[in-house]
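# Structural overview
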Amino acid sequence: MDQKVFKLIKKSHHIVIVSHINPDGDTLGSMIGLGEALKAEGKKITYINTQNELPLRFDFLASYDKIRSCLPKKYDLLISVDAASFDRTGLDNGVEVDISFDHHKSNTNFAKYPITDASMASTSLVIYNFFKKFSIKITKSSATALYSALAEDSGFFKFDRVNQDTFLIAANLVKLGADPTFIADKLTKRNSLAKLRITEIYLRKLELKADAKVAFAKITLEDFEKSGALKSDTDTLVNLGLSLATVVVSIFAYEIDDRKIKVSLRSKSDHIDCSQIATKLGGGGHKRAAGFTADIKEIDGIIAGIIKETIK
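Below is a short write-up of the structure. Small disclaimer: the values here were computed from a predicted structure and weren't measured. (Residues numbered from 1 in each chain as written. Predicted model: local features only at pLDDT ≥ 70, side-chain atom pairs only at ≥ 80, totals over all residues. Heavy atoms only, no water.)

## A short note on the overall build of the chain
A count of helical and extended segments in the chain gives 11 helices and 11 strands. Computed over C-alpha atoms, the radius of gyration of the chain comes to 19 Å, within 12% of the 20 Å expected from 2.2 N^0.38 for 312 residues, which places it in the range of a compact globule. Split into buried and exposed, the 312 residues of the chain put 53% on the buried side. Carbon and sulfur atoms make up 50% of the accessible area of the chain, which totals about 14600 Å². Averaging the locations of the 45 positively and 39 negatively charged side chains of the chain gives two centres separated by 4 Å. (Helix = DSSP H or I, 4+ residues; strand = E, 2+ residues; numbered from the N terminus. Rg over C-alpha atoms; globule rule 2.2 N^0.38 Å. Buried < 20%, exposed > 50% of the residue type's maximum accessible area, 1.4 Å probe, protein only. Areas by Shrake-Rupley, 256 points an atom, 1.4 Å probe, with all protein chains shown as cover. Lys, Arg positive; Asp, Glu negative; His and termini not counted. Charge placed at Lys NZ, Arg CZ, Asp CG, Glu CD.)

See below:
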């Protein structure tokens, strides 16, 4: 399959690369890392994220300001990065995805040619290995984006699936031009006051359940309005709950609108599979990190069910 994907990319002129909704560092860094390398191969690249709100901390990546929200009328190839299912792309039904690069074990193989490796710490590593296999040159801007994606999705090299090969690839990306200090500063030292305010609200609302084994907090639309925070300002809050000594599972929810709510799950137990729980609820992810979207009216029952599941 890799050979077919390489041939498709090689013969295509205008390639569209799509990152997933509620974008994180892996999807944005993988998209730009893939695209910048293919630009150097003479390809025309269009970057797509179907949402209008992007995390500002990634604005240092090449072509960040060129990301569009709508597909162009004409293109040769459509590639999805870091999306486990078609609905995560945010694309309209009927749009055909030619190729997907991903590292979620819950990937539904929605693309015509899926390239998925669930052993990798980030999708950017799947792309890196593809580049290496077919001798595609990784430019400095591509290396910066791929390293940023890896650092962000691995929690700066502290999550599961980080191994010796992860560090070897990171070292090679540094050799190719990625600056670890610069990237770390950009990703971790530019918080807005609004992000600190929404963090304070999260901590105030944080509840411990099931003998302090489960942490739970919910952010409402009113909380966003009061703090001035963006949805992307909440993307690491779930990890605060998990950092508590007694907590085994952290659950974080925020209201998307007056009908839908986004739920993130994190676990530090090998016996609790977050992706299995999320998949049952229409979402997906990894064993220790997953998420799903639900109806606001159903959220209390869903959370109660998750807590019951995790303390068996």
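## Notes on helix 11 (residues 299-310)
In this model helix 11 runs 16 Å from its N-terminal to its C-terminal C-alpha over 12 residues, within 8% of the 16 Å that 1.5 Å per residue would give. For helix 11, the full list of buried residues reads I299, I302, I303, I306, I307 and T310. Down the axis of helix 11, the buried side of the element spans an arc of 135°, and every buried residue falls inside it. Turned more than 90 degrees away from the buried face of helix 11 sit D300, G301 and K308, all of them exposed. Tucked into the core, helix 11 has its buried residues touching strand 6 (207-209), strand 7 (214-219), strand 8 (249-255), strand 9 (260-267), helix 10 (274-280) and strand 11 (289-295). (Expected span 1.5 Å × (residues − 1). Arc of directions from axis to C-beta. Contact = heavy atoms within 4.5 Å.)

## Re the nonpolar core
F101 and F130 are the most contacted members of the largest nonpolar core, which has 51 residues in total. Each residue touching F101, except ones within four places of it in the same chain, is listed here: V5, L34, I79, S80, V81, D82, I115, T123, V126, I127 and F130. Counting residues in each nonpolar core, the second largest holds 20 residues, with I261, I272, C274 and A278 among its members. (Core = buried A, V, L, I, M, F, W, Y, C linked by side-chain atoms within 4.5 Å.)

## A look at the sheet that holds strand 3 (residues 77-81)
Strand pairing in a sheet takes place through backbone hydrogen bonds and is either antiparallel or parallel in direction. Taken in spatial order, the five strands make up an open sheet running 2-1-3-4-5, and their pairing is parallel. Two strands lie at the open edges of the sheet, namely strand 2 (44-48) and strand 5 (113-116), each paired on one side alone. Here the average twist between neighbouring strands, direction ignored, is 20°. As paired elements, strand 3 and strand 4 (residues 99-102) share three bridges and run parallel to each other. In the sheet register, V81 faces strand 4, and the bridge partner there is F101. Helix 3 (residues 123-133) rests against strand 3, strand 4 and strand 5 of the sheet, and its axis sits at about 120° to strand 4. (Pairing = 2+ DSSP bridges. Axes fitted to C-alpha atoms, helices over the stretch in contact; angles between N-to-C directions.)

## Notes on the sheet that holds strand 11
The six strands are arranged 6-7-8-9-11-10 in an open sheet whose pairing can be described as mixed. Two strands bound the open sheet, and with one partner strand each, they are strand 6 and strand 10 (284-285). Looking at chain direction, strand 8 and strand 9 are connected through seven bridges and run antiparallel. Along strand 9, the bridge assignment pairs Y254 with K262. On top of the sheet, helix 7 (residues 193-205) reaches strand 6, strand 7 and strand 8; it is set at about 130° to strand 7, its chief contact.

Shape descriptors only; they carry no functional weight alone.
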